[in-house]
Amino acid sequence: MWNHPGMNLQQAADAVTVLLAGSIPRLQAWYTALAADARFRVAMQASDPQDLKSKLVTSPDVLVLDAGIYPGPQPLLEDLTRYHGAAYVLLPMEASREAMDSVAQIPCVKGVYKGEMNLVGMAGEMYAAAQAQRQARMSAGMEALWNRPQSGMGAGGAPLGLRVVAVWNQAGGVGKTTIATNLAYEAARRGLPTLLVGMGAPDDLPLILGLKPEPNLNHWRANPTAEGLKLALQKVDTLDVLAGFPDVLSEARAITTPLDAPESIPKLVLTAAYMGYAVIVLDAPPTALASAALAAANTLVLVARPSLEGVMRTVEAYRTVVERLAGEHHIPAAGVYVALNRTGARMGADEWHKAASALLGRPFPPVVAQIPDEPKVGEAQDGRKLPLNVSDGFARGVKPLADALFSPQGAQAPQNGSNGKKSFEIFGVRVKV
Ligand SMILES: Nc1ncnc2c1ncn2[C@@H]1O[C@H](COP(=O)(O)OP(=O)(O)OP(=O)(O)O)[C@@H](O)[C@H]1O
Ligand SMILES: [Mg+2]
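Throughout this description, residue numbers start from 1 for each chain and increase along the sequence as written. In the order they appear in the text, chains get letters beginning with A and ligands get numbers beginning with 1. The predicted nature of this model means local features are confined to residues of pLDDT at least 70 and side-chain atom pairs, given and counted, to a pLDDT of 80 or more, with totals for whole chains, interfaces and linings taken over all residues. Side-chain numbers come from the whole structure's heavy atoms, not from hydrogens or water.

S.K.: Would you take a moment to explain the packing of aromatic side chains for this structure?
M.R.: Geometry of an aromatic ring pair is reported as the spacing of the ring centres plus the angle between the planes. In summary, the pairing rule links any two rings of Phe, Tyr or Trp, Trp by its six-membered ring, whose centres are within 6.5 Å, and it sorts them by plane angle into stacked for under 30 degrees, edge-to-face for over 60 and tilted for everything else. Evaluation of the coordinates by the stated rule reveals three aromatic pairs. Ring geometry for Trp-352 versus Phe-364: centroids 5.8 Å apart, planes at 65 degrees, classification edge-to-face. Taken together, the positions of Trp-352 in helix α16 (residues 349-360) and Phe-364 in the loop between α16 and β15 (367-372) put the pair 12 residues apart, joining distant regions of the chain. With a 1.4 Å probe rolled over the protein chains alone, any residue whose accessible area is under 20% of its type maximum counts as buried; one over 50% counts as exposed, and the rest are partly exposed. Residue Trp-352 is classed as buried on the basis of its relative accessible area, which comes to 0%. Labels follow the DSSP assignment, with helices taken as runs of H or I lasting at least four residues and strands as runs of E lasting at least two, numbered in each case from the N terminus.

So this is what it looks like as structure tokens:
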């Protein structure tokens with residue numbers, strides 16, 4: 001939908017995408033002001049906050065917003081703190097100087113106006129701001145997004161960074177699904193808004209969590225929006241679950257989906273992040289689809305067997321991530337954790353770690369969890385219960401991993417750099433950014 005008839009494809013791709021949000025008459029006036037300017041493409045319009053929220057997920061370069069569509073300051077503030085483009089906000093005539101100042105402090109806000117705004121006069125500045133942001137985004141990659149503080153609160157109320165955890169190994173049957181489900185359940189139990197995504201084909205989550213095979217990932221892929229995701233979810237207590245594929249054919253289609261397609265796994269994660277999840281756990285499969293999960297993650301849990309074969313498979317998996325997929329994901333070196341699963345009389349953690357480091361030729365990421373081999377685990381899953389709730393040994397084994405990933409102290413490890421916390425007050429509400 002190009003809004004400039006003479007525009008060619010390249011110009012359209014270069015054009016700054018704009019989301020207009022306001023009352024219908026306001027939208028018409030703003031649209032007319034920008035439609036004649038080839039530097040802009042009015043990609044979307046929204047006339048109520050819900051609609052705006054779902055459209056913000058697509059990350060338009062510029063947001064022109066009439067705050068009058070919001071019933072009050074709180075939701076306006078929440079949406080603006082989550083947006084990372086350049087926002088121009090029109091406040092009602094009655095807005096105080098103080099209110100204007102506090103909106104202006106929100107990082108994305110480039111201009112605050114009262115009563116009226118002249119888009120034609122502002123076009124040059126809007127274009128420059130959007131270009132500068134594109135430049136900054138390109139050099140910073142998507143790091144800023146992944147390190148973006150979330151609304152989720154860790155124990156004790158401290159803010160926790162967004163965690164997108166891929167639980168993975170190239171080896172099959174090592175306990176990826178078992179650990180992913182229990183880890184996600186534990187995050188939700190700690191009060192973090194958490195989404196667990198199954199990616200198997202056919203997926204094991206419905207079987208072991210007592211869910212229905214539908215809705216599932218296919219339903220989200222058919223309607224890849226925030227609304228579509230909500231409709232595709234099932235619940236296990238406070239944990240939201242998106243079941244994986246019902247068959248290998250639908251998985252095969254997902255494998256050939258480009259990573260930037262709306263129905264891709266990275267876009268699913270982005271949508272979920274903007275919906276407010278603080279933790280997203282991906283049960284990454286041992287198939288080629290794992291690369292999509294890794295591309296979306298900022299944290300990797302490698303599930304390993306405590307044996308020499310386990311060492312070899314896990315070092316190989318680690319190499320795949322840090323060497324072969326270098327530059328194609330956002331998992332920093334400190335964001336990789338090893339969980340030894342089904343420990344017992346076999347290789348101890350120290351021995352395992354030494355062997356892995358020797359094979360890699362440098363220190364291997366730390367073993368943060370040793371989860372015992374417990375017959376109750378399989379029994380629990382057969383009975384559609386969580387091993388965490390029936391086996392103390394299993395629960396004790398998983399706890400250090402959950403602490404490392406979901407406690408505010410542990411949360412600092414994989415974030416690189418942008419943890420400088422800043423807070424400001426808006427309409428009397430203190431907000432951390
Ligand atoms: N700590 C444990 N103690 C006992 N049994 C376990 C443990 N962890 C996993 N299992 C059992 O091992 C089997 C495989 O586990 P799981 O399905 O989690 O592995 P996976 O890596 O997801 O497999 P796949 O590669 O097929 O997806 C299951 O039957 C599960 O009950
Ligand atoms: Mg599995």
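So much for the structure itself; the text now carries on.
S.K.: I would appreciate a short explanation of a nonpolar patch on the surface in the present structure.
M.R.: On the surface, a nonpolar cluster with roughly 310 Å² of combined accessible area is contributed by Leu-308, Met-312 and Leu-359. On the secondary structure map, Leu-359 appears in helix α16. When its relative accessible area of 40% is taken as the criterion, Leu-359 is described as partly exposed. Residues form patches when they are more than 30% accessible in relative terms and have no salt bridge. Like charges link within 9 Å. Nonpolar side chains (Val, Leu, Ile, Met, Phe, Trp, Tyr) link within 5 Å. Every accessible area reported is derived by Shrake-Rupley at a probe size of 1.4 Å, with residue values counting cover from the shown protein chains alone. Take a side-chain nitrogen of Lys or Arg and a carboxyl oxygen of Asp or Glu: if they are within 4 Å of each other, that pair is a salt bridge.

S.K.: I tried to follow the pattern of salt bridges on my own but got confused; where do I start?
M.R.: Summed over all chains, the structure comprises 16 salt bridges. Between Arg-342 and Asp-373 there is a salt bridge; the shortest N-O distance is 3.5 Å. Of the two residues, Arg-342 is situated in strand β14 (residues 336-343) and Asp-373 in the loop between β15 and α17 (375-382); the sequence distance between them amounts to 31 residues. Judged by relative accessible area, Asp-373 falls into the partly exposed class, the value being 41%. Between Asp-403 and Lys-399 there is a salt bridge, with the nearest N and O atoms lying 2.8 Å from each other. With Asp-403 and Lys-399 both in helix α19 (residues 392-406), this residue pair falls four residues apart, about one helical turn. Owing to a relative accessible area of 25%, Asp-403 belongs among the partly exposed residues under this scheme. Given a relative accessible area of 47%, Lys-399 falls into the partly exposed group. Linked through salt bridges whose partners overlap, the residues forming this network are Glu-186, Arg-189, Arg-190, Lys-399 and Asp-403.

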